[in-house]
Amino acid sequence: MTDAPTRIQVAGSAGTAPYEVLVGRQLLGELPGLIGTRAKRVAVLHPEALASTGEAIREDLAAQGYEAIAIQLPNAEESKTVEVAAYCWKALGQTNFTRTDVIVGVGGGATTDLAGFVAATWLRGVRWIAVPTTVLGMVDAAVGGKTGINTAEGKNLVGAFHPPAGVLCDLAALESLPVHDYVSGLAEIIKAGFIADPAILDLIEADPEGARTPGGPHTSELIERAIRVKAEVVSTDLKESGLREILNYGHTLAHAIEKNERYNWRHGAAVAVGMVFAAELGRIAGRLDDATADRHRAILTAVGLPVTYRGDQWPKLLETMKVDKKTRGDRLRFIVLDGLAKPTVLEGPDPAMLLAAHAEIAA
Ligand SMILES: NC(=O)c1ccc[n+]([C@@H]2O[C@H](COP(=O)([O-])OP(=O)(O)OC[C@H]3O[C@@H](n4cnc5c(N)ncnc54)[C@H](O)[C@@H]3O)[C@@H](O)[C@H]2O)c1
Ligand SMILES: O=C(O)C(=O)C[C@@H](O)[C@H](O)[C@H](O)COP(=O)(O)O
Ligand SMILES: [Zn+2]
């Protein structure tokens, strides 16, 4: 007997279908229902680190009568390339994968971003299901339909909005996650706390050590709260015409750091530094109070996330930020806070302000 999963609804928007995010344990039994009876073939995309999980899911689906193939991807950010997408397109072509067939992405955010992108582009769009296996994947990457790959010029520069047909967050998967990756996911949970749900911050501050482990007293509550923040935002603005930009809090600098580190930093670690930068920018712009700005550094440090970055890299970071998706023409745009849970856009800040905020995170 297992407890019934929590079901979080994501509304359809921009002509897309609504779907559910399930959070619980032993959820793989839900897969055939989501895949449906119109599909003949299923492709299970998984990273090398989850080879046995991917194969077990493939075998299960084959036993249910689907022609199931497994496609193994490189781990982490190495999978988010056009070459890996092309490898998947080839595998789908060779198995006569049609418009009624279904892709299942099993893995962290890098895997679900790639799997969703392959689903968005194959035959101009087939259905896909996300089975996130990292904290970050569950609370953020698998929800909301942003799919994509990196290019030499930067992070997530090619992609599509293509929501999944369902998201299965099996908390048992987190038990094998290295602590470094677990903690990286906390950055996006903390982001959800600062932009929308401060109760998240209270829970983490009360027990930062507990927040760092899958068996912590508030693990499922933290994950569910962050998913609800994301679900609510993407339900009203799938294609980022306005509100959705708040989910990019800390990301303008974070993506530049990731590129600068050739993706050897985890996304969440870069987002942690990026949020401290954004908080300082808000403070310098006269919008954010000192206590909330300082709270960023304190909570991120308490869970073991970085809050500084090499000080000599600023010119390169500034150059990369120019291709951030929020930039309009030559005007950089940042999400900052007007106060706790009051995100807003700061347009074209003075270069001196950016430099001053940078000085606060420079190691
Ligand atoms: N689409 C979106 O809205 C969105 C949102 C946030 C982040 N992202 C993207 O997500 C990516 C980061 O995702 P991530 O932090 O999950 O990292 P990741 O996908 O790179 O996974 C981290 C590592 O953990 C391994 N792994 C995954 N699950 C595991 C498990 N259960 N046990 C053991 N190892 C496991 C992976 O193979 C990888 O080596 C970035 O590319 C980021 O841009 C996308
Ligand atoms: O879902 C969104 O919208 C987000 O911005 C969530 C981010 O956490 C995520 O990293 C996203 O992939 C960044 O999007 P991008 O458009 O800046 O590439
Ligand atoms: Zn992110």
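Everything quoted here is computed from the prediction, not taken from an experiment.

Taking 1.5 Å per residue as the helical rise, helix α4 (residues 109–121) with its 13 residues ought to reach 18 Å, and the 18 Å between its terminal C-alpha atoms agrees with that figure. Within α4 the residues assigned to the buried category are Gly109, Ala110, Thr111, Thr112, Asp113, Leu114, Ala115, Gly116, Phe117, Val118, Ala119 and Ala120. Of the residues flanking the end of α4, it is Leu123, one or two places downstream, whose phi is positive at about 55°.

All right, on to the domain arrangement of the protein then. Here the protein is described as being made up of domain 1 (6–176) and domain 2 (179–213 + 215–361). On a C-alpha basis, the centroid separation for the pair domain 1 and domain 2 is 26 Å. Taken together, the contact between domain 1 and domain 2 spans 30 residues of the former and 30 residues of the latter. Sorting the residues of the side of domain 1 that touches domain 2 by element identifies β1 (6–10), β2 (19–24), α5 (135–141) and β8 (154–161) as the ones contributing at least two each. No other element matches the five residues that α5 contributes to the side of domain 1 that touches domain 2. Looking at side-chain class alone, the side of domain 1 that touches domain 2 contains 17 nonpolar, nine polar and four charged residues.

Taken together, Asp140, Gly144, Lys146, Asn156, Glu188, Glu240, Arg244, Leu247, Asn248, His251 and Lys325 make up all the residues around ligand 2. Residue composition of the shell around ligand 2, by class: one nonpolar, four polar and six charged. Composition of the shell around ligand 2 by domain shows at least three residues from each of domain 1 (6–176) and domain 2 (179–213 + 215–361).

A few words on the sheet that holds strand β6 (residues 127–132). Spatially, the seven strands line up as an open sheet ordered β1-β2-β9-β6-β5-β3-β4, and their pairing is mixed. The strands lining the two open edges of the sheet, one partner per strand, are β1 and β4 (67–73). Adjacent strand axes in the sheet meet at a mean angle of 15° when their direction is disregarded. Pairing geometry for strand β3 (residues 41–47) and β4, over seven bridges, is parallel. By the bridge assignment for β4, Ala43 is matched with Ile69. Sitting on the sheet, helix α2 (residues 51–63) touches β3, β4 and β5 (102–107), and the angle it makes with β4 is about 170°. Across the face of the sheet, helix α3 (residues 82–94) comes into contact with β3 and β4 while running at roughly 160° to β4.

The sites that UniProt annotates as "domain: 3-dehydroquinate synthase N-terminal" (unreviewed entry) are residues 71–181. Helix and strand shares over residues 71–181 are 32% and 31% respectively, and the end C-alpha atoms of the span are 23 Å apart.

Moving on, we come to unusual backbone geometry. Peptide bonds are trans in most cases, and residues, glycine excluded, mostly fall at negative phi. Here the phi dihedral of Leu123 falls at roughly 55°; this positive angle occurs in a residue that is not glycine. Relative to the helices and strands, Leu123 resides in the loop between α4 and β6. On the basis of neighbour count, Leu123 is assigned to the partly exposed category, with 14 C-beta atoms found within 10 Å.

Attention shifts here to the site of ligand 1. Taken together, 32 residues are adjacent to ligand 1, and Asn75, Ala76, Gly108, Gly109 and Thr134 come closest. Among the secondary structure elements, those contributing two or more residues to the shell around ligand 1 are α4, α5, α6 (179–195) and α11 (267–284). In terms of residue class, the shell around ligand 1 is made up of nine nonpolar, 15 polar and eight charged. Both domain 1 (6–176) and domain 2 (179–213 + 215–361) contribute no fewer than three residues apiece to the shell around ligand 1.

As a further point, take the pairing of β3. Burial within β3 is extensive, with seven of its seven residues counted as buried. With burial as the criterion, each face of β3 is covered, one bearing Arg41, Ala43, Leu45 and Pro47 and the other bearing Val42, Val44 and His46. For the crossover from β3 across α2 to β4, the handedness is right-handed. With four bridges joining them, β3 and β5 adopt parallel strand pairing. In the strand pairing of β5, Val44 is matched with Val104.

Two elements in contact, α6 and α11, have axes separated by 6 Å at closest approach and are oriented at 35°. Seen from above, α6 lies across α11 with left-handed handedness. Every residue of α11 that contacts α6 at Ser184, Gly185, Leu186, Ala187, Glu188, Lys191 and Phe194 is listed here: His267, Gly268, Ala269, Val271, Ala272 and Met275. Grouping the constituent residues of the contact of α6 with α11 by class yields seven nonpolar, four polar and two charged.

Rules of the game
- Residues numbered from 1 in each chain as written.
- Chains lettered and ligands numbered in written order.
- Predicted model: local features only at pLDDT ≥ 70, side-chain atom pairs only at ≥ 80, totals over all residues.
- Helix = DSSP H or I, 4+ residues; strand = E, 2+ residues; numbered from the N terminus.
- Expected span 1.5 Å × (residues − 1).
- Buried ≥ 20, exposed ≤ 12 C-beta atoms within 10 Å, placed from the backbone.
- Domains from an automatic or database assignment.
- Contact = placed C-beta atoms within 7 Å.
- Nonpolar A, V, L, I, M, F, W, Y, C, P; charged D, E, K, R; others polar.
- Near = placed C-beta within 6 Å.
- Pairing = 2+ DSSP bridges.
- Axes fitted to C-alpha atoms, helices over the stretch in contact; angles between N-to-C directions.
- UniProt positions renumbered as here; feature names shortened; annotations may be inferred.
- Right-handed = clockwise from strand over helix to strand, strands pointing away.
- Left-handed = near helix turned anticlockwise from the far one by under 90°.

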